[in-house]
Amino acid sequence: MAGVLVGREHELRFLGELLDRVDGGGGAAVVSGEAGIGKSALLSAVSRQAASRQMRVLTTTGVPGEAQIAFAGLDRLLRPIAGTVDRLPAPQRAAVLAATGRGDDVVPELFLVALATLSMLGDAAAQAPVLLVVEDAQWLDRASAEVLLFVARRLDFEPVVLVAALRDGFDGPFTGSGLPGLALPRLGRAEAELVVDRGLRPEVRERVLREAAGNPLALVELPALVEAGGQGAMLPLTTRLEHAFAARTAGLPEPTRTLLLVAALNDSDALSEIVEAAGIVAGDRLDPDDLAPAIAARLVEADAESVRFGHPLMRSAIHQRSPIGRRHRVHAALARVVVDDDRRAWHRAASAAGPDDAVAAELEAAAVRAQRRGGIAAGTAAMERSAELTRDPVLRGERLLRAAELAFELGRRDSVVRLLDEADRVGLPERQSRRTAWIRNSFDDGVRGRARAAALAQIAGQAAGEDPDLALKLLHGAALRCWWTESGDEARRSVLAAADRVPVDPDDPRRLVILAYASPVEHGGEVLNRLRQHAVTGDARAARMLGNAAQAIGAFDLAVGFFTASLHDLRVQGRLALLARALTLQAWCGGRLADLGMAIPAADEAYRLARDTSQPMVAASARATQALLAGMRGEQDDAYRYAAEAERVALPGDAHAVLSAVQLARGVAALTDGRHEDAFTELRRMHDPADPAHHPATRSYALGDLVEAAVRSGRADEVRGLTADLAAIGRRTPSPALHTGLRYADALLADGDQAQPLFEAALSSDPLHRARAQLAFGEWLRRQRRAAESRAHLRAARDTFDALGLIRWGDRARGELRASGETSRRRTAEARDQLTPQELQIAQMAAEGLTNREVGERLYLSHRTISSHLHRIFPKLGITSRAELRAALPGHTVT
């Protein structure tokens, strides 16, 4: 099939250039196209190029029969470098050994396995650059595919290149992954004529050219079918190719055809398994030499240990042409031969013609083992098939429900709905029906389905006495709906009433976050008091919930502390989805306090992790936070670009909290830029109940921004009524953020002699809002012709803005100082002005004394990547060693 490389010069050159750059850092590419388009031939050519450059080539291939075996593809890829596992840090070593079935640890987080894989590849690449070849990526088990995608996004500083082949028409982690892609088109007429056999009769050659339509494999394989009188030009090209391959098996000896069928149905290419199982099917001893006719016909390739089909369509052609009863017998034979429990269970299931409780129990056990290894997708498939083979309706419903719970962990909405519908048809007991309600309503963290908050609360109330844990889960979902969308007062009251019925400690973090989300005003005082009594502990789950509660009621300083406390365990455990959420809210709260040294790298990491873990709404929230931070620093282009990205995701989901954050970011950007009329227009939307950007809590915590924009644009009277409304709310809640805004708003709106005491009251705040009050107070004093008094406030504001990195605000304070008759020193550039967010985060961690490997473990990057970043960071900071980092990063915060 050498002809399939005709017309692929551009693609070969692109991949060759990827190999050329490998010493300075690797990369990844996804080669896609229809069956027979030449993906495998292209990957083979690249593998030969890599071998000729003394690169190490590691290969894995997706096989349909292995798609339900967690980490099967990864295990095959890493087998040649398995010796490097002993050099891994203990948590990574335990994770990768458990994932590949060689360790006893339970449920390794997938991303800890991914970090271990990256480390192993990095160690191997230290000896020679590495090429990773992934054939038929569409059939990789999901766990392996997600690990390899994680690795592919982290190769910029590694001498490792990953090239994956993906057939069109399949969904999966590599589809739409954002990796560089090479879509292989069909060949043009002139190129096709170079591929097709010139010895064919003219009419046959013309028909092949017409029917192949530029598909390289079809140009090679269709001639035999056409010359034999094959019809079916109206059939899909893939089907015609399968017919061509099947036709080549027709004249083979019976033992050879049996071996080919066993090889096609086996989920391994092990020659010994294939020969032994084929002997059972044939009822006679077969020999590897019986494969010789198939090898001569170019259907398979074989060596002393394995058998491989020349093309995946050959496997599917043999499978499709075999009667179902014969396929059942082959799977039964394979079940007798294989030694792996999971593979044996799947072969037994494939041989079953109807319900079989023994096989169902084996598959249930396989699902549990897959879950222990972190293979949630494999566990879902095994549990669903177990349910299909279960006779007892009650047990079948329970297994369907467990399969739905596993599918929920993967975020597969369609699968969850289908499995729950099947379970409902079976008829579930009341307790299981409550679990069903929780799963159905847990998608999107409450972003959609505002009408279901009251229904969830009702079910939670019914479950409160019998199953408090489930009741709290249901109420958490209901409270989230109250937070993200405007569910209405009745829904909020029903959530609170149900929460009162759950027998749980009043200080339980689960209860506090429910109260904060459902009723941040009425219960804000209780939640705040209990939060202040909670010690900051290393319990990541409790700390994250307490942080959520603190953020919801506007206690941003407490929230930052709780979220920061949760990060270490989340990193160590590899729980990157939850880490992305914690970092997003840590960054948001840090941004409201202008702790940019913490917030900027946290938001950057949150966005990258949200993308890695397929959480679009979390990614949108991180983007909204980045927009706010950019707006505060006067980086207008970035602020509006990030805001637009977040809005595109949040609008279809009616995510009021995110849309409100977007408007705040735009308003702050305009306010920072001195465009006060624009700022007023942007911020006013947050307070309009008919606007999608309206959110009761977020708008309450941004009052000071709106009032400043109104006063500076001459529209103060338009916000007096709104300020009075929020003041009334303030009398019902001690929310720190709300009262900070109210004090500032009252000072800005005050007339005459009333202003000074109100400005003095507004100075009791966090550093950011104190500085803004000092700036406004200094401006007011200067307008009152009290220039000398104004200077102390303006100097303090300038110094605080400079320390916080708020360049434009500091410049505004300098301008006021000049207007008061005092010259002002220029601001000195700081580290965060020189470094990218990720560089700042790495520099902060290195300044704390962490080694490159320890920093890499925290950030899920290789230690070589950390080293490369530090080599770039040192010149930017004007230093030459790690010892100088701490002095170069004054007041830094490690996240």
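All of these numbers come straight from a predicted model, not from anything done at the bench.

This brings us to the overall build of the protein. Counting secondary structure elements, the protein contains 47 helices and 7 strands. Against the globule reference of 29 Å for 895 residues, the protein gives a C-alpha radius of gyration of 32 Å, in line with a compact fold. Based on the C-alpha atoms only, the size of the protein along its principal axes is roughly 105 × 65 × 55 Å. Residues counted as buried form 58% of the 895 residues belonging to the protein.

Taken together, the 5 strands give an open sheet; going across it, the order is 2-3-4-1-5, and neighbouring strands pair in parallel fashion. This sheet does not close on itself; its edge strands, each paired only once, are strand 2 (56-61) and strand 5 (181-183). Ignoring strand direction, the axes of neighbouring strands in this sheet form an average angle of 15°. In this fold helix 2 (residues 39-52) packs onto strand 1 (27-33), strand 2, strand 3 (130-135) and strand 4 (160-167), with an angle of close to 165° to the strand it touches most, strand 3.

Let's shift gears to the side chain of Thr100. Along the chain, Thr100 falls in the loop between helix 4 (90-99) and helix 5 (110-125). Thr100 gets classed as buried once you look at its relative accessible area, which sits at 15%. Reaching out from Thr100, the side chain makes a polar contact with the side chain of Arg102 at a distance of 3.3 Å.

Another aspect to go through is the packing of helix 30 (residues 596-612) against helix 44 (residues 837-847). Taken N-terminus to C-terminus, the directions of helix 30 and helix 44 make an angle of 115°; their axes are 8 Å apart at the nearest point. The handedness of the crossing between helix 30 and helix 44 comes out as left-handed. Residue-level inspection shows Gly597, Ile600, Pro601, Asp604, Glu605 and Arg608 of helix 30 in contact with helix 44, the latter providing Pro837, Gln838, Leu840, Gln841 and Gln844. Taken together, the residues that form the contact of helix 30 with helix 44 break down as 4 nonpolar, 4 polar and 3 charged.

On to unusual backbone geometry, then. The phi angle at Gln54 is positive, at roughly 65°, despite the residue not being glycine. Within the secondary structure, Gln54 is located in the loop between helix 2 and strand 2. You can call Gln54 exposed: its relative accessible area is 61%. A positive phi angle, close to 50°, is found at Asp136, a residue other than glycine. If you trace the backbone, Asp136 turns up in the loop between strand 3 and helix 6 (142-152).

Inspection of the secondary structure puts Glu708 in helix 36 (residues 703-712). What makes Glu708 buried here is its relative accessible area of 1%. Looking at Glu708, its side chain comes within polar contact range of the side chain of Arg772, at 2.8 Å. With sequence-adjacent residues up to four places away left out, Glu708 is seen in contact with Leu671, Tyr744, Leu748, Arg772, Trp809 and Arg812.

Looking now at the nonpolar core. The biggest cluster of nonpolar side chains holds 217 residues, and the ones touching the most others in it are Leu162, Phe174, Leu475, Val495, Leu531, Met632 and Leu806. Per-element tally for this core: the top contributor is helix 5, with 12 residues. Those residues in contact with Phe174, other than ones at most four positions away along the chain, are Val30, Ala137, Leu140, Ala145, Leu148, Leu149, Leu162, Ala164, Leu166 and Leu179. In this structure, Leu187, Val195, Ala212 and Leu261 belong to the second largest nonpolar core, which totals 49 residues.

Before going further, it helps to examine the packing of aromatic side chains. Aromatic ring pairs are reported here in terms of the distance separating the ring centres and the angle at which the planes meet. Applying the stated rule across the entire model yields 9 aromatic pairs. Ring plane angle 80° and centroid distance 5.8 Å describe the contact between Trp139 and Phe170, whose orientation is recorded as edge-to-face. Of the two residues, Trp139 sits in the loop between strand 3 and helix 6 while Phe170 sits in the loop between strand 4 and strand 5, which places them 31 residues apart along the sequence. On the basis of relative accessible area, Phe170 is assigned to the partly exposed category, the value being 28%. A ring pair is formed by Phe801 and Trp809, whose centres lie 5.8 Å apart and whose planes are at 40°; its orientation type is tilted. A network of ring pairs unites the aromatic residues Phe111, Phe150 and Tyr860 as a single cluster. Sitting over the ring of Tyr607, Arg623 keeps its end group 3.6 Å from the ring centre. The ring of Trp809 carries the charged tip of Arg812 above its face, separated from the ring centre by 4.5 Å.

Bringing the packing of helix 11 (residues 254-265) against helix 15 (residues 324-337) into the picture now. Taken N-terminus to C-terminus, the directions of helix 11 and helix 15 make an angle of 70°; their axes are 10 Å apart at the nearest point. Taken together, the axis directions place helix 11 and helix 15 in an arrangement best described as roughly perpendicular. Across the interface between the two elements, Glu254, Thr258, Leu261, Val262 and Leu265 of helix 11 pack against Arg326, Arg327, Val330, His331 and Leu334 of helix 15. Residues of the contact of helix 11 with helix 15, tallied by class, amount to 5 nonpolar, 2 polar and 3 charged.

Now for the environment of Asn548. Mapped onto the fold, Asn548 is located in helix 27 (residues 540-552). A relative accessible area of 9% places Asn548 in the buried class.

With 18 residues, helix 19 (residues 393-410) ought to run about 26 Å at 1.5 Å a step, and its terminal C-alpha atoms sit 26 Å apart, in line with that. Residues of helix 19 that are buried: Gly397, Arg399, Leu400, Leu401, Ala403, Ala404, Leu406 and Ala407. Buried positions along helix 19 lie against helix 17 (357-372), helix 18 (376-388), helix 20 (413-426) and helix 21 (430-440).

The next subject is the pairing of strand 4. A regular strand places its side chains on the two faces of the sheet in alternate fashion. Within strand 4, 8 of the 8 residues are buried, which leaves it mostly tucked inside the rest of the structure. Neither face of strand 4 is exposed, since Val160, Leu162, Ala164 and Leu166 on one face and Val161, Val163, Ala165 and Arg167 on the opposite face are all buried. In the sheet, strand 3 pairs with strand 4 via 5 bridges, with the strands oriented parallel. If you follow Val133 over to strand 4, its bridge partner there is Val163.

What follows concerns the pattern of salt bridges. Pairing is possible between side chains of opposite charge, provided their charged atoms come close. Applying the stated criterion across every chain yields a total of 67 salt bridges. The partner of Arg812 in a salt bridge is Glu708, and the shortest N-O contact between them spans 3.6 Å. Residue Arg812 is found in helix 42 (residues 807-819), and its partner Glu708 is found in helix 36; the two are separated by 104 residues along the sequence. Classification of Arg812 as buried rests on a relative accessible area of 18%. Between Asp811 and Arg814 there is a salt bridge; the shortest N-O distance is 3.9 Å.

The end-to-end C-alpha distance of helix 2 is 20 Å, a good match for the 20 Å that 14 residues give at a rise of 1.5 Å each. All of the buried residues in helix 2 are Lys39, Ala41, Leu42, Leu43, Ala45, Val46, Ser47 and Ala50. Just beyond helix 2, the residue with positive phi is Gln54, at close to 65°.

If you walk through the whole model with that rule in mind, you get 0 disulfides. Unpaired in this structure, Cys482 has its nearest cysteine sulfur neighbour in Cys589, at a distance of 20 Å. Residue classification places Cys482 among the buried residues on the basis of a relative accessible area of 1%. Cys589 gets classed as buried once you look at its relative accessible area, which sits at 0%.

What follows concerns the confidence of the model for the protein. Considering every residue of the protein, the mean pLDDT works out to 89; 95% of them sit at 70 or more. No element of the protein has a lower mean pLDDT than helix 43 (residues 831-834), which averages 71, and none a higher one than helix 34 (residues 676-684), which averages 97.

Once that is clear, we can look at the environment of Ala382. On the secondary structure map, Ala382 appears in helix 18. In this structure, the C-alpha to C-alpha distance between Ala382 and Glu364, residues 18 residues apart in sequence, is 6.5 Å.

It is worth spelling out the environment of Leu659 at this point. Looking at where Leu659 falls in the secondary structure, it is placed in helix 33 (residues 656-672). Separated by 16 residues in sequence, Leu659 and Ala643 place their C-alpha atoms 8.9 Å apart.

Reading the values: the criteria
Just so you know, the residues in each chain are numbered from 1, in the order the chain's sequence is written. Predicted model: local features are reported for residues with pLDDT of at least 70 only, side-chain atom pairs are reported and counted for 80 or more only, and whole-chain, interface and lining totals are derived from all residues. For side-chain calculations, the full set of non-hydrogen atoms in the structure is used, while hydrogens and water are omitted. The helix count covers DSSP runs of H or I at least four residues long, the strand count covers runs of E at least two residues long, and both are numbered beginning at the N terminus. Two things to know: the radius of gyration comes from C-alpha atoms, and the globule rule equals 2.2 Å times the number of residues to the power 0.38. When accessible area is computed with a 1.4 Å probe and restricted to protein chains, residues below 20% of their type maximum are described as buried, those above 50% as exposed, and intermediate ones as partly exposed. At least two DSSP bridges between two strands are required for those strands to pair. Helix axes are fitted to C-alpha atoms over the stretch in contact, other axes to C-alpha atoms as well, and angles between N-to-C directions run from 0 to 180 degrees. A contact between two residues is defined here by any heavy atoms of the two lying within 4.5 Å. Counted as a polar contact is a pair of N or O atoms within 3.5 Å, where, for protein atoms, one must be capable of donating a hydrogen and the other of accepting one, and residues adjacent in sequence contribute only when both atoms are in side chains. Note on convention: the crossing is left-handed when the near helix lies turned anticlockwise from the far helix by less than a right angle, right-handed when the turn is clockwise. Basically, the charged four are Asp, Glu, Lys and Arg, the nonpolar ten are Ala, Val, Leu, Ile, Met, Phe, Trp, Tyr, Cys and Pro, and anything else, Gly included, counts as polar. Buried Ala, Val, Leu, Ile, Met, Phe, Trp, Tyr and Cys residues that are joined via side-chain atoms within 4.5 Å together make up what is termed a nonpolar core. Geometry of aromatic contacts follows a simple scheme: Phe, Tyr and Trp rings, the Trp one being its six-membered ring, pair when their centres are within 6.5 Å, and the pair is stacked under 30 degrees between planes, edge-to-face over 60, tilted otherwise. We count a charge as sitting over a ring when the NZ of a lysine or the CZ of an arginine lies within 6 Å of the ring centre and within 35 degrees of the ring normal. To sort the angles, those under 35 degrees are grouped as roughly parallel, those over 145 as roughly antiparallel, those from 65 to 115 as roughly perpendicular, and the leftovers as oblique. Under the convention used throughout, the expected extent of a helix is 1.5 Å for every residue step, that is, one less than its residue count. Any Lys or Arg side-chain nitrogen located within 4 Å of an Asp or Glu carboxyl oxygen qualifies as a salt bridge. Disulfides are defined as cysteine sulfur pairs within 2.5 Å. Every residue carries a pLDDT, the predictor's confidence in it, which falls somewhere between 0 and 100.

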